Amino acid sequence: MPMLADIDDPPRSRSRELVVGILVALPLAALLLGLVLPALVDALLGGAKDFDDRLRQEDAYMQAVCTQAMSLPRDEALCECTLAVEFPALDCQAPFLAWSVARQSEHCAVPENEKASLSFCTCVQTVAERMGQAEDEDASFKAAQAYRNCQELPDAVYLPAIEAL
């Protein structure tokens, strides 16, 4: 509703400021939508994809160990879980990590292997010691979760091939 003061001194048009604001905001919004948002989406989905790929590899490895190269005294705890569930990579993480630490401890017991992967073997030995000091099986499985940190080391060694088991 116009006021009496507006008749003598009408308010100036704000369309110029609106156009300038739009011209400044459009490139910033385009930059955000074009660079930042896709990078954020890739980071989130890429991490999930990497996790999914790792779980698929672990799933296939566990299935192969339990169907092709099973040695009952060595693989009993792992295969008991793996053969009983549909998705072992999700449901059998604790036995798989404990089994992995045992296999990597055997690998690192060879002096040449330990020299080649010193930081990895030190990490595995520390995890194995903590598992040995655990009071019960649940505490041992909890201690085995630290093995994931060992896998991230630059000199990490992959689990042995199925044929080598």
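Residues numbered from 1 in each chain as written. Predicted model: local features only at pLDDT ≥ 70, side-chain atom pairs only at ≥ 80, totals over all residues. Heavy atoms only, no water.

A. Structural context of the overall build of the protein chain. On a plain count of helices and strands, the protein chain comes out with nine helices and zero strands. Scanning the protein chain from its N terminus toward the C terminus, one meets helices and strands in the order α-α-α-α-α-α-α-α-α. Computed over the C-alpha atoms, the radius of gyration of the protein chain is 29 Å, more than 25% above the 15 Å expected from 2.2 N^0.38 for a compact globule of 165 residues. If you line up the protein chain on its principal axes, its C-alpha atoms span 100 × 40 × 35 Å. Counting across all 165 residues of the protein chain, residues that qualify as buried make up 25%. Pairs at least 24 residues apart make up 60% of the contacts formed inside the protein chain by residues separated by at least 6 positions. Of the roughly 11500 Å² of accessible surface on the protein chain, 62% is carried by carbon and sulfur atoms. (Helix = DSSP H or I, 4+ residues; strand = E, 2+ residues; numbered from the N terminus. Rg over C-alpha atoms; globule rule 2.2 N^0.38 Å. Buried < 20%, exposed > 50% of the residue type's maximum accessible area, 1.4 Å probe, protein only. Contact = heavy atoms within 4.5 Å. Areas by Shrake-Rupley, 256 points an atom, 1.4 Å probe, with all protein chains shown as cover.)

B. Representation of the side chain of Glu58 in the model. One can find Glu58 in helix 2 (residues 15-68). Reaching out from Glu58, the side chain makes a polar contact with the side chain of Gln93 at a distance of 3.0 Å. Not counting chain neighbours up to four residues away, the residues in contact with Glu58 comprise Ala89, Gln93, Phe96 and Arg148. (Polar contact = N/O pair within 3.5 Å; in protein donor to acceptor, adjacent residues only side chain to side chain.)

C. Expanded view of helix 5 (residues 93-108). Here helix 5 contains 16 residues, and its C-alpha end-to-end distance of 22 Å stays within 8% of the 22 Å for a straight helix at 1.5 Å per residue. Inspection of helix 5 places Pro95, Phe96, Leu97, Ala98, Trp99, Ser100, Val101, Arg103, Gln104 and Cys108 among the buried residues, and these make up the whole buried set. Buried positions along helix 5 lie against helix 2, helix 3 (72-82), helix 6 (111-116), helix 7 (118-133), helix 8 (137-144) and helix 9 (147-151). (Expected span 1.5 Å × (residues − 1).)

D. Structural view of the packing of helix 5 against helix 7. Between helix 5 and helix 7, the shortest axis-to-axis distance is 9 Å and the interhelical angle comes to 125°. Of the possible angle classes, the one that applies to helix 5 and helix 7 is oblique. Two packed elements cross with a definite hand, and for helix 5 against helix 7 that hand is left-handed. On helix 7, the residues that touch Ala98, Val101, Gln104, Ser105 and Cys108 of helix 5 are Phe120, Cys121, Val124, Gln125, Val127, Ala128 and Met131. Residue classes in the contact of helix 5 with helix 7 are distributed as nine nonpolar, three polar and no charged. (Axes fitted to C-alpha atoms, helices over the stretch in contact; angles between N-to-C directions. Parallel < 35°, antiparallel > 145°, perpendicular 65-115°, else oblique. Left-handed = near helix turned anticlockwise from the far one by under 90°. Nonpolar A, V, L, I, M, F, W, Y, C, P; charged D, E, K, R; others polar.)

E. Just a negative patch on the surface, in detail. A cluster of acidic residues, Glu135, Asp136, Glu137 and Asp138, forms a negative patch on the protein surface. Tracing the backbone through its elements, the reader meets Asp138 in helix 8. (Patch = residues over 30% accessible without salt bridge, like charges linked within 9 Å, V, L, I, M, F, W, Y side chains within 5 Å. Salt bridge = Lys/Arg side-chain N within 4 Å of Asp/Glu carboxyl O. Lys, Arg positive; Asp, Glu negative; His and termini not counted. Charge placed at Lys NZ, Arg CZ, Asp CG, Glu CD.)

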